[in-house]
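Summary of the model geometry
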Amino acid sequence: MSYSTVQDRAAARPVAPAPSPRRSRKPGRRREGPQFRGLVSPHTLTTTRGKIVYWVVMSVVLVTFTAAFVFPLYWMFTGAMKSPEELAQVPPTFFPQTLNWGVWSEAWDLLDLGLFLKNTLLYAAGAWLFTLTFDVAAAYALSKLRPILGNVVLALMLSTLMIPPTVILLPAYLTVKDLPILGWNLLNTPWAIWLPAVANGFFIFLLKRFFDSIPRELLEAAQIDGASPLRILWSVVLPVSRPIIGVVSILAVVNVWKDFVWPLLVLPDSEKMSISVGISSLSAQMPQNVLIAALFIASVPAIVVFLIFQRSIMAGLTAGSLKG
């Protein structure tokens, strides 16, 4: 057999494929399934016992926390309709023996709640409007416009939060009594409530942190369309910022509504008093049930404002969301 014949047969013989290398597995390592890090696993909730325990615990927690928040309101409402003698009973009664519905009109007339409520609504509305106008603009400038020394300005604003309010009470009073440069006396005017309410570093910090989370591409797209910074703030930033604006609105209104010491200093005129100062000034002359009725009436507007803006917050969390 010639060498060429052997070479032709070797070329015609099929060549077996080379064995593919197997992936080496480390000993003792297994594929892990999904891990559940909650207190109760989904498997436990599928059992009858797990469902019963879950719903019992959930119901107890909800009822306990709801009662902790609602019971003070119930106690004020029922206490107002009790007689002074029944209020002094020990142990107290959880429901009035006789319902005295006339105590509400009596409290409204004797304490002149209509005037005090009108004054407080004016102070709260003005403080809310000025707070949103100036604090939103300041937070937007620090977050998106980024001026020179913006971080230093923000640090100085936040440093004011470490100063106790009682420390700046006297300097603020002297400032309101004799406004620097202009020399105006703002006592017994709404400006004495509005101007200090605007200077709030905490609100600016909350708004800036939310504005930082807004994608910059969204603002750049508006700039390409020719929108000015003010138009971007009004048409782009504010519509997606309804949740944080709702939070700031609640805090701004409630802070003015419940404040006592500052209105007591800057609004000494009885015709200009807020509702907290007005009720306190007349409390010594009123029966106990009438005073409780006045306190309940004073708390209703703040609760209504909270419920209204709470609904706006929930709507803003869905309608104002951004898709990445």
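See above for the structure.
It should be emphasised that the depicted structure is a prediction, and the values quoted were computed from it without experimental measurement.

What counts, and at which threshold
- Residues numbered from 1 in each chain as written.
- Predicted model: local features only at pLDDT ≥ 70, side-chain atom pairs only at ≥ 80, totals over all residues.
- Heavy atoms only, no water.
- Helix = DSSP H or I, 4+ residues; strand = E, 2+ residues; numbered from the N terminus.
- Buried < 20%, exposed > 50% of the residue type's maximum accessible area, 1.4 Å probe, protein only.
- Contact = heavy atoms within 4.5 Å.
- Areas by Shrake-Rupley, 256 points an atom, 1.4 Å probe, with all protein chains shown as cover.
- Core = buried A, V, L, I, M, F, W, Y, C linked by side-chain atoms within 4.5 Å.
- Expected span 1.5 Å × (residues − 1).
- Bend = angle between axes of the 7 residues up to and from the residue.
- Patch = residues over 30% accessible without salt bridge, like charges linked within 9 Å, V, L, I, M, F, W, Y side chains within 5 Å.
- Salt bridge = Lys/Arg side-chain N within 4 Å of Asp/Glu carboxyl O.
- Polar contact = N/O pair within 3.5 Å; in protein donor to acceptor, adjacent residues only side chain to side chain.
- Axes fitted to C-alpha atoms, helices over the stretch in contact; angles between N-to-C directions.
- Parallel < 35°, antiparallel > 145°, perpendicular 65-115°, else oblique.
- Nonpolar A, V, L, I, M, F, W, Y, C, P; charged D, E, K, R; others polar.
- Lys, Arg positive; Asp, Glu negative; His and termini not counted.
- Charge placed at Lys NZ, Arg CZ, Asp CG, Glu CD.
- Phe/Tyr/Trp six-rings, centres within 6.5 Å; stacked < 30°, edge-to-face > 60°.
- Lys NZ or Arg CZ within 6 Å of the ring centre and 35° of its normal.

Things to note about the overall build of the protein
Secondary structure summary: the protein contains 16 helices and 0 strands in total. Split into buried and exposed, the 324 residues of the protein put 30% on the buried side. The long-range fraction of contacts in the protein, counting pairs at least 24 apart against all pairs at least 6 apart in sequence, stands at 71%. Accessible area of the protein: about 22300 Å², with a carbon and sulfur share of 67%.

Describing the nonpolar core
Among soluble globular proteins, nonpolar side chains are generally buried collectively. In terms of nonpolar packing, the biggest core is built from 40 residues, with W104, I193, I275 and I279 touching the most fellow members. Breaking this core down by element, the ones donating at least two residues are α5 (103–110), α6 (113–145), α9 (191–198), α13 (242–258), α14 (261–266), α15 (275–282) and α16 (288–319). Among residues more than four places away in sequence, those in contact with I275 are L113, F116, L117, T120, W257 and A298. With 23 residues, the next largest nonpolar core counts A139, L154, L207 and I232 among its residues.

Focus on the side chain of K208
Inspection of the secondary structure puts K208 in helix α10 (residues 201–212). Apart from the residues lying within four places of it in its own chain, the contact partners of K208 are A139, L142, S143 and L154.

Some remarks on helix α3 (residues 48–80)
With 33 residues, α3 should cover 48 Å at 1.5 Å per step; its first-to-last C-alpha distance of 47 Å lies within 8% of that length. Of all bends in α3, the biggest is about 40°, found at V70, and the proline P72 comes one to four residues later. Turning to α3, its buried residues are G50, T78, G79 and A80.

What about a nonpolar patch on the surface?
Where nonpolar side chains cluster on the molecular surface, the patch consists of F71, Y74, W75, F94, F95, L99 and W101 and spans about 750 Å² of accessible area. Inspection of the secondary structure puts F94 in the loop between α4 (84–87) and α5.

Here we look at the side chain of N119
By the secondary structure assignment, N119 is in helix α6. Side-chain polar atoms of N119 contact the backbone oxygen of E271, separated by 3.0 Å. At a separation of 3.1 Å, a polar atom in the side chain of N119 contacts the main-chain carbonyl oxygen of M273. Residue contacts for N119: discarding those within four places in its chain leaves E271, K272 and M273.

Comments concerning the packing of α6 against α15
The N-to-C vectors of α6 and α15 enclose an angle of 150°; their axes lie 8 Å apart at closest approach. Judged by the inter-axis angle, α6 sits roughly antiparallel to α15. Side by side, α6 and α15 meet where L113, F116, L117 and T120 of the first sit next to I275, G278, I279 and L282 of the second. Looking at the contact of α6 with α15, its residues break down into 6 nonpolar, 2 polar and no charged.

Some words on the pattern of salt bridges
For the coordinates displayed, the defined rule picks out 1 salt bridge. Residue D212 pairs with K208 through a salt bridge whose shortest N-O separation is 3.0 Å. In this pair, D212 and K208 are both assigned in helix α10, 4 residues apart and thus about one turn of the helix distant. Under the relative-accessibility criterion, D212 is labelled partly exposed at 33%.

Some thoughts on the environment of L156
Structurally, the position occupied by L156 is in helix α7 (residues 150–159). Take L156: its relative accessible area is 55%, and that puts it in the exposed class. Residues L156 and G201, 45 residues apart in the sequence, show an inter-C-alpha distance of 8.8 Å.

Brief notes about the environment of L158
With respect to the helices and strands, L158 occurs in helix α7. C-alpha of L158 to C-alpha of F205: the two residues are 47 residues apart in sequence and 7.6 Å apart in space. Setting aside anything within four residues of it in sequence, one finds L158 in contact with G201 and F205.

Concerning a negative patch on the surface
On the surface, a cluster of negative charge is made up of E106, D109, D112, D269 and E271. The residue E106 is located in helix α5 in this model.

Some remarks on the packing of aromatic side chains
Each aromatic ring pair is characterised by the separation of its centres together with the angle its planes make. Counting across every chain of the model gives 13 aromatic pairs. With 5.3 Å between their ring centres and 80° between their planes, Y54 and W55 make a pair best called edge-to-face. Consider the rings of F130 and F134, whose centres lie 6.2 Å apart with planes at 15°: the pair is stacked. Taken as a pair, F130 and F134 lie in helix α6 at a separation of 4 residues, close to a single helical turn. The class for F130 is partly exposed, based on a relative accessible area of 22%. Lying across the ring of W75, K82 places its NZ or CZ 4.6 Å from the centre.

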